[in-house]
Amino acid sequence: MPVLTLDYEHGEGLRQYLVQQAPTLIAENTFEVRLTKPDGMRYRPGSAMKWYERLPDGTYARRRTFSLVSSPHEPELVFAYRASSSDFKSRYLASLRVGDTVHLRDPQDEMRYVSGDEPFLMIAGGIGITPMISLLRYAAYIKATRPLHLVYANPSRAKEAYGAELDRYSAEHPLTITRFADAGVRISESDIAPFVAVQPQVYIAGPEGMTRGLRSAAIAAGMRESRVQTTDFSGYAENAGFE
């Protein structure tokens, strides 16, 4: 059977979505944008979508992949990003207004929600919190009772996206949160070691150097490799604070 190759450069395989909420500040230097969700659209929690920009010559250029913050049961598609000097963010995303049309590929699995009763250990650096929020919202939707542990690092509390939501969630669900809000502090193997005995499902998201280092640290500490899922956010700072 021939392999179907879609010509994304000319718009084949892309879908149109309407901007429902223009980029809105939700934490220092962090913005959230909402799109309409087509009827019948299906995706898994922890998914991501590739964004394309329509160029003046009518072709399309792939610009960024963003994790979905929203969970499949929600009526909108929600994304968040940390602002930077990149042309796509500072020019294209910043210019979006309600009712604008944007072009995205279908959702792709980024982090897979594993069913069962074993605990989750979620480690997020900076904007790496986005897929974790999707997973947590889904866990709340299905009324999961499994223990959930989140380790969340930012250079300051002001840059902590979804902090209030996390606080509400931890008050109502079996979620414990360990926060680092200091640019000089890094998540390390010592933060993972206490969980080795219960062999949780491990999710790690953040800058590439962080995710690779903590994945190696988790496995070295005794976590089963098959239980460790990672996704890295290229283009963000690798220094302490996890931009």
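Refer to the structure presented above.
These lines cover the structure that appears in this document, whether it is placed above or below. In this text the structure is predicted, and so the values were computed from the model without any measurement.

## Here we look at the pairing of strand β5 (residues 76–82)
Part 1 of the argument: Judged by how many residues are buried, β5 sits mostly within the fold: 7 of 7 residues are covered.
Part 2 of the argument: Both faces of β5 are covered, namely the face carrying Glu76, Val78, Ala80 and Arg82 and the face carrying Leu77, Phe79 and Tyr81.
Part 3 of the argument: Bridge count for strand β2 (residues 30–36) against β5 is 7 bridges, and the pairing is antiparallel. Of the residues in β5, the one forming a bridge with Phe31 is Tyr81.

## Section: the pairing of β2
Successive residues of a regular strand alternate their side chains across the two faces of the sheet.
Part 1 of the argument: Among the 7 residues of β2, 5 are classified as buried, and the element is accordingly described as predominantly covered.
Part 2 of the argument: Examined bridge by bridge, strand β1 (residues 15–27) and β2 share 5 bridges and lie antiparallel to one another. Among the inter-strand pairings, Leu25 is bridged to a residue of β2, identified as Phe31.

## Observations regarding unusual backbone geometry
Part 1 of the argument: Residues other than glycine seldom take positive phi values, yet Asn29 does so here, at roughly 65 degrees.
Part 2 of the argument: Here Asn29 lies in the loop between β1 and β2.
Part 3 of the argument: A relative accessible area of 33% places Asn29 in the partly exposed class.
Part 4 of the argument: One non-glycine residue, Tyr162, lies in the positive phi region at around 65 degrees.
Part 5 of the argument: Note that Tyr162 resides in the loop between β9 (148–154) and α3 (163–172).

## Focus on the environment of Arg112
Part 1 of the argument: With respect to the element layout, Arg112 can be found in the loop between β7 (108–109) and β8 (120–125).
Part 2 of the argument: Remark: the alpha-carbon pair of Arg112 and Pro45, spanning 67 residues in sequence, is separated by 7.0 Å.
Part 3 of the argument: With residues near it in sequence (within four places) discarded, Arg112 still touches Tyr203 and Gln229.

## A word on the packing of aromatic side chains
Part 1 of the argument: Tallying each qualifying case throughout the model produces 9 aromatic pairs.
Part 2 of the argument: Both rings, one in Tyr113 and one in Phe120, keep their centres 5.2 Å apart while their planes meet at 70 degrees; by these two values the pair is edge-to-face. In this pair, the class of Tyr113 matches that of Phe120, namely buried.
Part 3 of the argument: Taking 4.9 Å as the distance between ring centres and 65 degrees as the angle between the ring planes, the aromatic pair formed by Phe120 and Tyr203 counts as edge-to-face. With Phe120 in strand β8 and Tyr203 in strand β11 (residues 201–206), this residue pair connects regions lying 83 residues apart in the sequence.
Part 4 of the argument: For Tyr203, a relative accessible area of 0% corresponds to the buried category.
Part 5 of the argument: Through a chain of ring-to-ring contacts, three or more aromatic side chains come together here, namely Phe31, Trp51, Phe66, Phe79, Tyr81, Phe88 and Tyr92.

## Description of the nonpolar core
Part 1 of the argument: If you look at the biggest cluster of nonpolar residues, it comprises 29 residues, and the most contacted ones within it are Met122, Ile129 and Met132.
Part 2 of the argument: For this core, the elements supplying multiple residues, two or more each, are β5, β8, α2 (129–141), β9, α3 and β11.
Part 3 of the argument: When residues in this core are grouped by element, the largest group, 6 residues, is from α2.
Part 4 of the argument: Once residues lying within four places of it in the same chain are set aside, the contact partners of Met132 are Met111, Met122, Ile123, Ala124, Tyr203, Ile204 and Ala205.
Part 5 of the argument: Judged by nonpolar contacts, the second largest core, of 19 residues, contains Val19, Met41, Met49 and Leu93.

Analysis parameters
Residues numbered from 1 in each chain as written. Predicted model: local features only at pLDDT ≥ 70, side-chain atom pairs only at ≥ 80, totals over all residues. Heavy atoms only, no water. Buried < 20%, exposed > 50% of the residue type's maximum accessible area, 1.4 Å probe, protein only. Helix = DSSP H or I, 4+ residues; strand = E, 2+ residues; numbered from the N terminus. Pairing = 2+ DSSP bridges. Contact = heavy atoms within 4.5 Å. Phe/Tyr/Trp six-rings, centres within 6.5 Å; stacked < 30°, edge-to-face > 60°. Core = buried A, V, L, I, M, F, W, Y, C linked by side-chain atoms within 4.5 Å.

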